[in-house]
Amino acid sequence: MSTLTARNSALLKGRRRTGWKAARRWVMPLGGLGVILFFLWPYLVMLFDALRPSGEVLATPPTFFPKTWTTDAFAQVVTDPAFHNWLRSSLVVAVAATIIVIVVAIPAAYFTARFSFRGRMVFLGLVVVTQMFAPTSLVVGLYREFYDLGLINTYAALILTDAAFNIAFALWILRGFFSAIPKDIEEAAALDGCSRVGTLFRVMLPLTLPGIVTAITFTFIAAWNEYVVALTLIQDDALKPLTVGISSYVTAYEQNWSQLFAASLIAIVPVVILFALIEKHLVGGLTAGAVK
Amino acid sequence: MLWLGPALILIVGVVLYPAITLVATSFSSYSITGLRKGDAGITNYTTFLTSPDLPKVVGNTAIWVAAVVVITIILSLALAQFLSKEFFGRRFVRWAVIVPWAAALVISSQLFRLILDYYHGILNQVLLDVHIIAQPIDWLGDPHFTLPSMIAVGIFVTIPFTAYLFVAGLNGIPGDVYEAARIDGGSPWQIYRAITLPLLRPTLLIAVVLNMIYVFNSFPVIWILNGSNPGFGNDTLITYMYKLAFRSAQHDVGLSAAAGVFNVLLILIAVAVYLRFVNWREGSKNA
Amino acid sequence: MKKSLRWGAIVAAATVTTLALAACGSSGGSSTDGKSIKVVIAEYSKDHTKKFWDEFAKTYEKQTGVELKLQVISWNDIDQQTSTMVQNNNAPDILNLNAYASYAADGLLYDSSEVLPAATKADIIPAFVKSGTYKGKFYGFPDLSSARALFYNTDLFSKAGIAAAPTTWDEFVADAKKVEALGDGNVGYALPLGPEEAQAEFAIWLFNNGGEFKDDGKWTLNSAANVKTLEFLRDLNVKDKVTQNNPGSTNRTDGAFSLFEQGKAGMVVGFSPLQQALADDHPDVKYAIAPMPSGDGAEPQTYGVTDYLMAFKKDGNKDAVKAFYKLYYQADQINKWIKSEGFLPVTTSGLKEFADDPDLKVYLDTLPNIHLTPTDDPEWDKVKLTIQQNIGLAVGENGDPKKFLDDLQAQAEANK
C-alpha cells in the first residue's frame, strides 16, 4: 500500500514537475528581464542624459528620451587627456589594492578558520572594528600619517589605505568558506603528502572560489569608487582617480551634466568587465564534486 | 605568524593611527579654521550629547539602518535564489545586477537626486503621465517623503552586494542536501525554511553585520539626496557629524570628532547586541 | 602559548611604530626651505581654472626659480581639505577661499604690508580693500569678484503684459503674480534659499530694504527692516505663492537657475556665470537684466562677492609669496583669468580693461559702490553658516522669520 502511494505521489510530482519545467523555460528568462529592467532603469536614464545636450538634462518638464540626440558628451570625455589619467589612476589603485587584499587575506582567513589560538576573537574583533570607522572621520589622521611617511600624493598611500579598509570583508567571507570545508579533505591531502601550503593552494582554494570571487569583486569596487580618502591624499591632477576627477564636471559655476554622466557610465564599464570574467566562478566550491 | 602578520600590520598600521588621531581630536579645542587651540576635556562630548538636534538625528539613523538592512536582506535572499538557478540569459541578469554596485555611490546618488527632483525629475513626470498622481510630489524636500526616498535609494544600491553574498553562500551548500530533502517530499518553501536558511546562517550573519556597519556609515546617499534641505531634520549621524565640522554654526572639528567616536561606539554596541541576540558562538556551527 | 606571545609582540611592534611615526614629524610644515610653495586654488570651472594656473605656475617658476605646487580642489570639498591641512599644521602657502577673517584672527596670515606691492593695494577697488581688512590690516586679497542683478524673462513678461522690470517690491509681487497666472508650470520668481548660498539671496533683498548685517561695528541682524525683509520672502512663498515649490530646499544651480534657464521662471537673481550658461546652453531664452527692486524707496543696491587669495605665514616663504602676488596682480595675469572664468575685475585698472564688454556693463557701473557682506568679521563666518543651513526653515509654512533672526542675533552677540 505504502509503496503504491509512494509511486503514485512520485508520478504526480513528476507530472507537476514537467508542467513547471515547461513553463520554467520562459518564465524564468521573463523574470530575468524584469530584474534587468529593475536594476538598470536609472542607468538608462543616465545613458539618455549623457546622449542629450547638457542644457536639456534639467529640462522642465523632463523627457525620458532626448529631444536632441548627441554623442558630444561621450566624444569630449573620451578625448580628454585628463580623463585618461583618471582612468589609469583608478585602474592602478584598484588592481593593486585587490591583489594585496587577496594575497594577505587568504592565509589569515585560513589560519583563523582552522586554528583556535589565544586572541583569535580579539583578532577577528579588531578586524571588524576597523570597518566601523567612517572614512570621513579618519582622513585627517590618514593625511598626517602618510605625510609623515613621505607618501602623501602617491599611489602607494591610496593603495595601502584601500587595502587596509577592505581586508576585513575578504577575511570574514573567506574564513566562512574555509570553515565550511570538512577537515577530512585536508587530512586526505596531508596523507597524500601535501604540505600545509600545498594543501592550501591545491585543495582548499578551488573549494573557496566563490568566496574569492566575491572578495575580489568587493575590494575592486570599493577601491574603484572610493572618494574622500583619494581626495585628501592625492594632490596632483595627474594622479587623481576617476571619482575625484569626475566631480569636476559640475561645479557651482559651470555644469556639464551630460559629460558627468558620460564619464560615469564609462567608469562603470571596467567593473562590469571584471565581473563578467569571473562571475562564473561564483558557482563552484563544494558543489563542484571534486570533493569525493 | 606569517599567516596573520601581513593582515595585522596592514590593518593596525593604516587604521590605528588615524583612529587615535580621531580620539585625540575629540578631546581638543579647535578654532573654526582647524587650528588647535588647546585641550577641551570632555566639553566636545557634552556639547554633542546635549545638542537639541541629536534625538531626531539618532531616530533618523535608527530608521534608516533598520529599514535598509531588513528590506535589503529579504529582497536579496529572494534575488540570490533566482540568480542561483540555471536559466537562459542568467549571465546577463547577473551582469545587470552588478551595475548599481559598480557605479560610484556619489554618481548614483546624484542620478537619483535628479530623478526624484520636483521640477526636473523623470519620476514625477511618469507618475503624472500615468495619472497616478495629480500634482508633482516633492520627494526630497517634503519631510514626509525625504526619509522614505533615501531609504528606497539605499535599498537599491545595497541589494547587489548582499545578493551576491548570498549567491556565494548558497553555492557553498552541497547539492545532495537538496536532493535528499526533495526525496523526503518537502515543498520548496519548507525546504527553504528547514534546510537552506539554516545553512545560510553564517552568510546571513556576515550580511547583516556588514550591512549594519556600511549602511550606518553611508554618507553619499543621505548627503546628496538631502543636500538641498535646510536644518538637520533628515540627517543621519554620519552626515550630522560632517555638518558639525563644516556646515554648522559651530564649524568645529573637535565637536565632529566627538561625534565620530560616539558613532563608532554606537555601531560597535549595536553589532555586539545583534551578535549576542543571535547567540553566536565561535565554532558552534562548524566541525 | 608561544604563538600568541609572538602574535602579541607583532601587534605591540606595529603599534609602537605607528606611535613613533606620530611623534616624529609632528613639528610638521610650519617652515619651508623657500624652494617651493604650495598653492591651493578652488575649482571655478573644469576648463579654465587648471589651465590658467598651470601656465601661471610655469611663468612663476621661470621668473623666480621657486617650484609652484598647485592643487585644484572643488568648491564642495575645499573647506574640508583646508581644515585637514590646517589641523595637520600643513597649511598651503597660498590659499584661495571665500573667507579669510577667521584665519587672520588666528594669526595665520601675512598682511599686505608684508607681501603685497603698495601699487597693487592702491589699485584694488576700495570697497574690496575695506572688506578684506581685519583689525586695521589688509589680509584678504581679492582674486575675482561677481555682482548680482535681477534677471527677467522678456518673453514671459510680454506674454503677461508687463512693460518693464519692477522697481518697487509691490510692483515685483504684482509682476510675479502675473507670470504665475500664465500657468503651464511658469513660476513668478525663482527663490533659492537652500543651504548652498542662501546668505547671498538674503543679502541682496536685505540691502534693498535699507537693512544691514552690521552697522557701526554692531550686529543688526534682527533689525526691524531685516525682519520685514525675511517676512517678505516668506510671504512670497506662503502668502503670495509666486515662488517655485519649496524655496527653502532650492539651491541655485540645480533649482533656481535651472528653472530660469528652461524659460520657466519670470525672474531670478543672477550673475555673470548665469549669463554664460544661458549663452552657451540655452540661447532660446530671451532675457534682460535690471537693478534690484527697492523695498524702502531708496536707490537700488547691488550685492557683490569676492573670494580671497590669502597667504599663510611660514618661516622662509615670504619672498616666494611676495613674488606670487607681484605676478598675479599683473594686469595680463589676473584679468586674463577673470575673463576666462567670466567674472568681474577687482582692480580699478581692471575696470577700465573690462569696460568694453557690453554684457558686463550693468555690473561694472555698480562695482565701486557695491555692497558686501561683513566678511572682515570672523563672527560672520559662523553667522553665514547658520543662515545657509537654517534660513530655509524660516520661509516655510511653519517658519518664524522674527525668531530666526532673533536667534541669529543672539548667536552673533554671544561670541563677541
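Residue numbers here run from 1 along each chain, matching the order of that chain's written sequence. Whichever chain is written first is A, and whichever ligand is written first is 1; the rest continue in order. Local features are withheld for residues below a pLDDT of 70 in this predicted model, meaning they are given only at 70 or higher, and side-chain atom pairs are given and counted only at 80 or more; totals for whole chains, interfaces and linings count all residues. For the side-chain quantities, the full set of heavy atoms in the structure was used; hydrogens and water were omitted.

## Notes on the overall build of chain B
From N to C terminus, chain B includes 12 helices and 2 strands. Counting from the N terminus, the helices are the DSSP runs of H or I reaching at least four residues and the strands are the DSSP runs of E reaching at least two. Starting at the N terminus and ending at the C terminus, chain B contains elements arranged as α-β-β-α-α-α-α-α-α-α-α-α-α-α. Dimensions along the principal axes, computed over C-alpha positions, put chain B at roughly 75 × 65 × 30 Å. Burial here depends on accessible area, computed with a 1.4 Å probe over protein chains only, as a share of the maximum for the residue type. Under 20% is buried, over 50% is exposed, and the range in between is partly exposed. Burial statistics for chain B: of 287 residues in total, 61% are counted as buried. Taking the contacts inside chain B whose residues are at least 6 apart along the sequence as the reference set, 64% of them involve residues at least 24 apart. Accessible area for chain B stands at about 11,400 Å²; split by element, carbon and sulfur atoms hold 69% of it. A residue counts as positive if it is Lys or Arg and as negative if it is Asp or Glu; His and the chain ends are not included. In plain terms, the charge of a residue is placed at NZ if it is Lys, CZ if Arg, CG if Asp and CD if Glu. In chain B, 16 side chains carry a positive charge and 13 a negative one; their mean positions are 6 Å apart. Any pair of residues with heavy atoms lying within 4.5 Å of one another is described as a contacting pair. All accessibility values rest on the Shrake-Rupley procedure with a 1.4 Å probe; residue burial counts only the protein chains present in the view.

## A short note on the side chain of B:His120
Mapped onto the elements, B:His120 comes out in the loop between helix 5 (105-115) and helix 6 (122-129). Look at B:His120 and you get buried, because its relative accessible area is 4%. By the criterion applied in these results, polar contacts are pairs of N or O atoms within 3.5 Å in which, for protein atoms, one can donate a hydrogen and the other can accept it, and in which residues neighboring in sequence qualify only through two side-chain atoms. A distance of 3.0 Å separates a polar atom in the side chain of B:His120 from a polar atom in the side chain of A:Thr60. Sequence-distant contacts of B:His120, defined by excluding residues within four places in its chain, comprise A:Leu58, A:Ala59, A:Thr60, A:Pro62, B:Leu114, C:Asp254, C:Gly255, C:Ser258 and C:Leu259.

## A short note on the interface of chain C and chain B
Taken residue by residue, the interface counts 43 residues in chain C and 39 residues in chain B. Buried area: the sum, over both parts, of the accessible surface (1.4 Å probe) that disappears when the two are put together. Approximately 3,400 Å² of surface area, both sides summed, lies buried where chain C meets chain B, with 62% of it carried by carbon and sulfur atoms. For salt bridges, the criterion is a side-chain nitrogen of Lys or Arg within 4 Å of an Asp or Glu carboxyl oxygen. Taken together, chain C and chain B are joined by 1 salt bridge. Across the salt bridge formed by B:Arg113 and C:Asp254, the nearest N and O atoms sit 2.9 Å from each other. On the surface where chain C and chain B come into contact, there are 13 residue pairs in polar contact (both at pLDDT 80 or more).

## Thoughts on the packing of aromatic side chains
Geometry of aromatic contacts follows a simple scheme: Phe, Tyr and Trp rings, the Trp one being its six-membered ring, pair when their centres are within 6.5 Å, and the pair is stacked under 30 degrees between planes, edge-to-face over 60, tilted otherwise. If you walk through the whole model with that rule in mind, you get 83 aromatic pairs over all chains. With 5.2 Å between their ring centres and 70 degrees between their planes, B:Trp139 and B:Phe145 make a pair best called edge-to-face. Measuring from centroid to centroid gives 4.8 Å for B:Trp223 and B:Tyr242, while their planes differ by 75 degrees, and the two rings are edge-to-face. Here B:Trp223, found in helix 10 (residues 220-225), pairs with B:Tyr242, found in helix 11 (residues 237-246); they are 19 residues apart in sequence, far enough to count as distant. Taking relative accessible area as the criterion, B:Tyr242 reaches 6% and is therefore assigned buried. Whether a charge sits over a ring comes down to the Lys NZ or Arg CZ being within 6 Å of the ring centre and within 35 degrees of the ring normal. If you follow A:Arg175 out to its NZ or CZ, it ends over the ring of A:Trp172, 5.9 Å from the centre.

## Focus on the interface of chain B and chain A
If you look at the interface, chain B gives 82 residues, while chain A gives 92 residues. In total, chain B and chain A occlude about 7,900 Å² of area from one another, counting both sides; carbon and sulfur atoms represent 79% of this. The three residues of chain B that bury the most area against chain A are B:Trp3, B:Leu4 and B:Ile11, which together make up 10% of that side's buried surface. Taken together, the links from chain B to chain A amount to 1 salt bridge. The partner of B:Arg94 in a salt bridge is A:Glu279, with the nearest N and O atoms 2.9 Å apart. Where chain B packs against chain A, one counts 9 residue pairs in polar contact (both at pLDDT 80 or more). It is helix 1 (residues 5-26) of chain B that contributes the most residues to the side of chain B that touches chain A, 14 residues altogether.

## Considerations on the nonpolar core
Grouped together as the largest cluster of nonpolar side chains are 294 residues, with contacts concentrated most on C:Trp53, C:Phe324, C:Tyr325 and C:Tyr328. Core analysis: the next-biggest nonpolar cluster, separate from the first, contains 47 residues, C:Phe157, C:Ala160, C:Val179 and C:Ala203 among them. Side-chain atoms within 4.5 Å link the members of a nonpolar core, which is a set of buried Ala, Val, Leu, Ile, Met, Phe, Trp, Tyr and Cys residues.

## Some words on the sheet that holds strand 7 (residues 149-153) of chain C
All names here are of chain C. The pairing criterion is simple: DSSP has to find at least two bridges between the two strands. Here 4 strands make up an open sheet; going across it, the order is 8-11-7-12 and the pairing mixed. With partners counted over all chains shown, the strands left at the sheet margins are strand 8 (187-190) and strand 12 (287-290), one partner each. Strand-to-strand, the axes of this sheet are offset by a mean angle of 20 degrees, without reference to chain direction. In this sheet, strand 12 lies alongside strand 7 in antiparallel orientation, the contact comprising 4 bridges. In this analysis an axis means a line fitted to C-alpha atoms, helices contributing only their contacting stretch, and an angle means the value between N-to-C directions, from 0 to 180 degrees.

## A look at the confidence of the model for chain B
All names here are of chain B. Looking at any residue, its pLDDT shows the predictor's confidence there, from 0 to 100. Overall, the predicted model of chain B reaches an average pLDDT of 91, with 97% of residues at or above 70. Contacts of residues 282-287 to residues separated by more than four positions or lying in other chains number 6 contacts, the stretch itself having pLDDT below 50. Both confidence scores are given for the complex: pTM 0.91, ipTM 0.90.

## Here's the deal with the side chain of C:Lys384
Residues and elements named next belong to chain C. Among the structural elements, lysine 384 can be located in helix 18 (residues 378-394). Although lysine 384 is buried, it forms no salt bridge, and the closest oppositely charged side chain is aspartate 381 at an N-O distance of 5.5 Å. For lysine 384, the residues in contact, after removing those within four places along its chain, are Asn98 and Gln199.

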